[in-house]
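# Secondary and tertiary structure notes
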There are 2 protein chains.
Amino acid sequence: MAQKPSIPKGTRDFSPEEMAKRNYIFNMIRDVYHLYGFQQIETPAMENLSTLMGKYGEEGDRLLFKILNSGDCLAGFTDEELREKNALKFAAKACEKGLRYDLTVPFARFVVQHRNDLSFPFKRYQIQPVWRADRPQKGRYREFYQCDGDVVGSDSLLNEVEFIQIMDEVFRRFGIRVCIKMNNRKILTGIAEMIREADKITDITVAMDKLDKIGLDGVNDELRSKGISEEAIAKLQPVIVMKGDNREKMAVLKEMLAGSETGLKGIEETEYILNHIETLPLAATLETDLTLARGLNYYTGTIFEVKALDVEIGSITGGGRYDNLTGVFGMDGMSGVGISFGADRIYDVLNRLDLYPADSLQTTQVMFVNFGEKEAAYLLPVMARVRAAGIRAELYPEAAKMKKQMGYADAKRIPFVALVGENEMAEGKINLKNMQSGEQESVGMDELIEKIK
Amino acid sequence: MAQKPSIPKGTRDFSPEEMAKRNYIFNMIRDVYHLYGFQQIETPAMENLSTLMGKYGEEGDRLLFKILNSGDCLAGFTDEELREKNALKFAAKACEKGLRYDLTVPFARFVVQHRNDLSFPFKRYQIQPVWRADRPQKGRYREFYQCDGDVVGSDSLLNEVEFIQIMDEVFRRFGIRVCIKMNNRKILTGIAEMIREADKITDITVAMDKLDKIGLDGVNDELRSKGISEEAIAKLQPVIVMKGDNREKMAVLKEMLAGSETGLKGIEETEYILNHIETLPLAATLETDLTLARGLNYYTGTIFEVKALDVEIGSITGGGRYDNLTGVFGMDGMSGVGISFGADRIYDVLNRLDLYPADSLQTTQVMFVNFGEKEAAYLLPVMARVRAAGIRAELYPEAAKMKKQMGYADAKRIPFVALVGENEMAEGKINLKNMQSGEQESVGMDELIEKIK
């Protein structure tokens, strides 16, 4: 009967302290999205597999958690089908539903399904868990939250400007110093066009990214090893060693990409964004970075990535512009731009830099000690008044030993303990103990409320 | 390629407006739980099936959503096993995980698994979705949220008193007039003991509940039809017709249950709660009701249920005291008491009574019209100041026709629209239109902020 309980590998329980910290993160992101007019939606955890399959490549299909049809899941199978033991074919028939793998595909499905009820441009954010049957490892889970924001139905680059402001504001509020990196798919396409190596753009960005580590010769050697021609490598030199601020980089690129319409369009877009951001009070640094190669199959314009400056960790937010979110569901021309905050990594950064404000824990503010039946009965209406003043208060529910009650307050990090015995009841006073300083004083109700607030 | 997208039956998408309303509900419940020192936890959507199976009866086992093992789910099966086509046996081997069915079993598992890290009494709340493969129907979904609060590790009836306060406070804040109904399992046991029909207690409560509809003779006929003896029915008469306030009811019961230790204990518990509640400012009415028979297999003491007074709908919150939450996981003696708010029904009640406060929609407060490139560029730093003042603001991202932009503001129910053209830019003014009154005036920055706030 009795089992030693556990949870599936790659999943997590969240303790009260972890939840308070996670809520601090989610609420902050939510607040900033609201400040910019974004609205929240939610979609079901389960989607039809027909919605999910084929959207994440073969690997993605394998990593979907599939839900066995309820009822008699084997009824439709012939003996022969079963004897085949083809797990993929079996699952395709025995499972109609799967757990969502990200928030993008469900969002695309949502937009198409509710197109007539939405007003475009549609600015939505969504904070929900996703599930992937990945091999669990440090920092990689099978259930984790994504915090996506997207604007769809608008080509305007003002949306890109706004997302930079949003990322800046979120990390400014967290107190995390960041660099927002920006690239543009069209610039990369332009470069590939100019050197006639269109299919090697990923190899090129990967190699260029190693300049600091392996030097120019190292980068060139790596490019050679990927089969890139000497002529192409020669043409790439000014881009690889490109230095200076965003303007200077654009100047170098303009010269190099003079013959590429697409490349020039990418530069124009980037300059538009830089020009508009210049007039805004940004806390973060904004850096154009050609080695940024996130989602090259997906993004068609600007690409974003945020790096924390004071912690060694991968990107903590990313996103970009895409041309055709909903085409796969039969609705073309729905362009958009979006970002995704990496909640788990932000959690780690805030922990490592110890940046959670004290009041983000939202714990009980005052615990009333329970001295016995009479005192407890006396305290109930007293505490009702304390709570009516907005103070989070609790009464220890048993007349346990003082040490036990104080230990409870300690464990819960409750900053004040109130003691009301016979004397205090007679005088209408409350003995208030500051758990940090150890200081203790006798106060009236108004004073108590003031002290705690 | 293109598919007409849909979602699994019994699941829902939540639109921005629905989400705003749901967040209003969840945040309110959360705030009140915090006010009483409850802390939030979360558990994974997927639990091991060994944790879930056998906890909800045979019917419950059938209604669990089971997740097909990833990788080769058919590898471990012999041809013979497959040919059997026994769906339940098959699932037991091909699925290790399932979606949680409620929050109680995962909570019990959590308490046992983390017993050494928790300080008891442990006051936790949990707001998460659960999944049931029930036949969907109006008001019944396959994915829905539960909002549970429990105190475990304390026998004190002060916890029951506190939960009454919590329910009262939540519905007071919502503006929903309610009756909190209370019963006690021990009183029901006492009654069954006295009339020697211990196994018929459910039949008895069901029949008694029909007094208003079918009259005393009707109730007695129904009792007879359930095989209850004439002697027992005669003894039951004073309970069936019991009238008056809570005190009077207890007086009748005390007399009737004088011979039942358990029954008298139930009365004592109920009177303790009534005595303590009397000193507190309750907005709800509190009514002892012997026909309340929720969770009779599970609850061992007080039973709660909340009914809305102004809307015809089932109970909108329920709960009670249980003796052994964690015994099934090998940890005995963990008594507790808890409640569960029915978010979907509360949502319906708030809708039907139109009780959502206007500001609960958290929409954009002011939209700036986009007259063109120059104006948009001018507005970005202006809007940064507006947002710095905490105002939710957006700029329409394209210089679209005025009608389209105003239509967008209308659809999103944005209360103010700001118009800044050549003249306003020259004068450093903003033309602010109140969308409700139609009133329009030229204001400076400080005035704008003040008007909108």
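Residues numbered from 1 in each chain as written. Chains lettered and ligands numbered in written order. Predicted model: local features only at pLDDT ≥ 70, side-chain atom pairs only at ≥ 80, totals over all residues. Heavy atoms only, no water.

## Structural notes on the overall build of chain A
As a reminder, the rule being used: Strands here mean DSSP runs of E at least two residues long; helices mean DSSP runs of H or I at least four residues long; both are numbered from the N terminus. The contact criterion used throughout is that any non-hydrogen atoms of two residues lie within 4.5 Å. Neither His nor the chain ends contribute to the count of charged residues, in which Lys and Arg are positive and Asp and Glu negative. Taken as the charge location is NZ of Lys, CZ of Arg, CG of Asp or CD of Glu.
Along its length, chain A carries 18 helices and 16 strands. Based on the C-alpha atoms only, the size of chain A along its principal axes is roughly 95 × 70 × 45 Å. Long-range pairs, those at least 24 residues apart, make up 69% of the contacts in chain A between residues at least 6 apart in sequence. The average position of the 60 basic charges and that of the 69 acidic charges among the side chains of chain A differ by 4 Å.

## A word on the UniProt feature "binding site: L-histidine" (unreviewed entry) in chain A
All names here are of chain A. To keep things clear, this is the line we draw: UniProt positions are given in the numbering used here, feature names are shortened, and annotations may be inferred rather than shown by experiment.
Cross-referencing UniProt, the feature "binding site: L-histidine" (unreviewed entry) maps to Asp102, Leu103, Thr104, Arg132, Gln146, Asp150, Arg294, Tyr298 and Tyr299 in the present numbering. Of note, Tyr298 is situated in the loop between β8 (285–288) and β9 (302–308). Those residues within four positions of Tyr298 in sequence are excluded, and the remaining contacts are Thr104, Arg321, Tyr322 and Leu325. Tracing the chain through its elements places Tyr299 in the loop between β8 and β9.

## Re the packing of aromatic side chains
Residue and element names in this part refer to chain A. Inclusion rule: Aromatic rings from Phe, Tyr and Trp, with only the six-membered ring used for Trp, were paired whenever their centres fell within 6.5 Å, and each pair was classed as stacked if the ring planes differed by under 30 degrees, edge-to-face if by over 60, and tilted otherwise. Buried means the residue's accessible area, taken with a 1.4 Å probe over protein chains only, is under 20% of the maximum for its type, while exposed means over 50%, and partly exposed covers the values in between.
Evaluation of the coordinates by the stated rule reveals 35 aromatic pairs over all chains. Ring centres of Tyr33 and Phe341 lie 5.9 Å apart, and the angle between their planes is 70 degrees; on these two criteria the pair is classed as edge-to-face. With Tyr33 in helix α1 (residues 16–35) and Phe341 in strand β11 (residues 336–341), this residue pair connects regions lying 308 residues apart in the sequence. Phe341 shares its class with Tyr33; the two are buried. Judged by centre distance (4.3 Å) and plane angle (40 degrees), the rings of Tyr56 and Tyr101 are tilted. Pair noted here: Tyr56 is in the loop between α2 (49–52) and α3 (57–63) and Tyr101 is in the loop between β4 (95–99) and α6 (104–113), with a separation of 45 residues, a long-range link. The exposure class of Tyr56 is buried, given its relative accessible area of 16%.

## Quick notes on the interface of chain B and chain A
Accessible area lost during the coming together of the parts is what is often quoted as the interface size. Basically, it comes down to this: Buried area: the accessible area, evaluated with a 1.4 Å probe, that two parts lose upon being put together, summed over both parts. Whenever a carboxyl oxygen of Asp or Glu lies within 4 Å of a side-chain nitrogen of Lys or Arg, that contact is scored as a salt bridge. N or O atoms closer than or at 3.5 Å make up a polar contact, with two conditions inside protein: a donor-capable atom paired with an acceptor-capable one, and, for residues adjacent in sequence, both atoms drawn from side chains.
In this complex, chain B contributes 110 residues to the contact, which on the side of chain A involves 110 residues. Across the chain B/chain A interface, buried area totals approximately 9,100 Å², and carbon plus sulfur atoms make up 60% of it. Linking chain B with chain A are 8 salt bridges. Measuring nitrogen to oxygen at the nearest pair gives 3.9 Å for the salt bridge that ties Asp79 of chain B to Lys85 of chain A. Applying the counting rule to chain B against chain A returns 34 residue pairs in polar contact (both at pLDDT 80 or more). The element contributing the most residues to the side of chain B that touches chain A is helix α15 (residues 373–388) of chain B, with 7 residues.

## Regarding α6 of chain A
Most of α6 of chain A sits inside the fold, with 8 of its 10 residues counted as buried. What α6 of chain A keeps buried is the set Val105, Pro106, Phe107, Ala108, Arg109, Phe110, Val111 and Val112 of chain A.

## Looking at the side chain of Asp148 of chain B
Residue and element names in this part refer to chain B. Considering the arrangement of structural elements, one finds Asp148 in strand β6 (residues 143–152). The charged side chain of Asp148 is buried without a salt bridge, its nearest counter-charge being Arg124 at 4.5 Å. Looking at Asp148, its side chain comes within polar contact range of the side chain of Ser340, at 2.6 Å. The contacts of Asp148, once residues within four sequence positions are left out, are Tyr33, Leu103, Thr104, Arg124, Tyr125, Gln126, Ile339 and Ser340.

## Section: the domain arrangement of chain A
Here is the rule: Each domain's extent was defined by an automatic or database domain assignment.
Domains assigned within chain A are domain 1 (16–42 + 103–353) and domain 2 (366–452). For domain 1 of chain A versus domain 2 of chain A, the distance between C-alpha centres works out to 51 Å.

## Notes on the relation of the copies chain B and chain A
To be explicit about the condition: Each copy is superposed on the other by least squares, with the fit set by C-alpha atoms of residues at a pLDDT of at least 70 in both.
The operation relating chain B to chain A is a screw motion whose rotation component is 180 degrees, with 0.0 Å of axial translation and a residual RMSD of 0.0 Å. On the angle and the small slide along the axis, the relation comes out as a two-fold axis. Scanning chain B for the C-alpha nearest the rotation axis identifies Ile67 of chain B, at a separation of 2.2 Å. Most of the interface of chain B is mirrored in chain A, where 100% of its interface residues again form contacts.

## Some remarks on the sheet that holds strand β10 (residues 317–322) of chain B
Residue and element names in this part refer to chain B. Operational definition: By this definition, two strands are paired if DSSP reports at least two bridges between them. Axis angles are defined between N-to-C directions and span 0 to 180 degrees, where every axis is a line fitted to C-alpha atoms and, for a helix, only to the segment in contact.
Ordered in space as β1-β5-β6-β11-β10-β9-β7-β8, the 8 strands form an open sheet in which the pairing is mixed. Of all strands in the sheet, those with a lone pairing partner are β1 (39–40) and β8 (285–288), marking the two edges. Most of the contacts of helix α14 (residues 343–352) go to β6, to which it runs at about 110 degrees, and overall it touches β6, β9 (302–308), β10 and β11 (336–341).

## Points about the nonpolar core
All names here are of chain A. Which entries qualify depends on this criterion: By nonpolar core is meant a set of buried Ala, Val, Leu, Ile, Met, Phe, Trp, Tyr and Cys residues that side-chain atoms within 4.5 Å join together.
Ranked by internal contacts, the top residues of the largest apolar core, which has 96 residues, are Phe174 and Phe341. The greatest single-element share of this core, amounting to 9 residues, is contributed by helix α7 (residues 158–174). Ignoring any residue separated from it by four or fewer positions in sequence, one finds Phe174 in contact with Tyr24, Ile25, Met28, Ile29, Ile346, Leu350 and Leu355.

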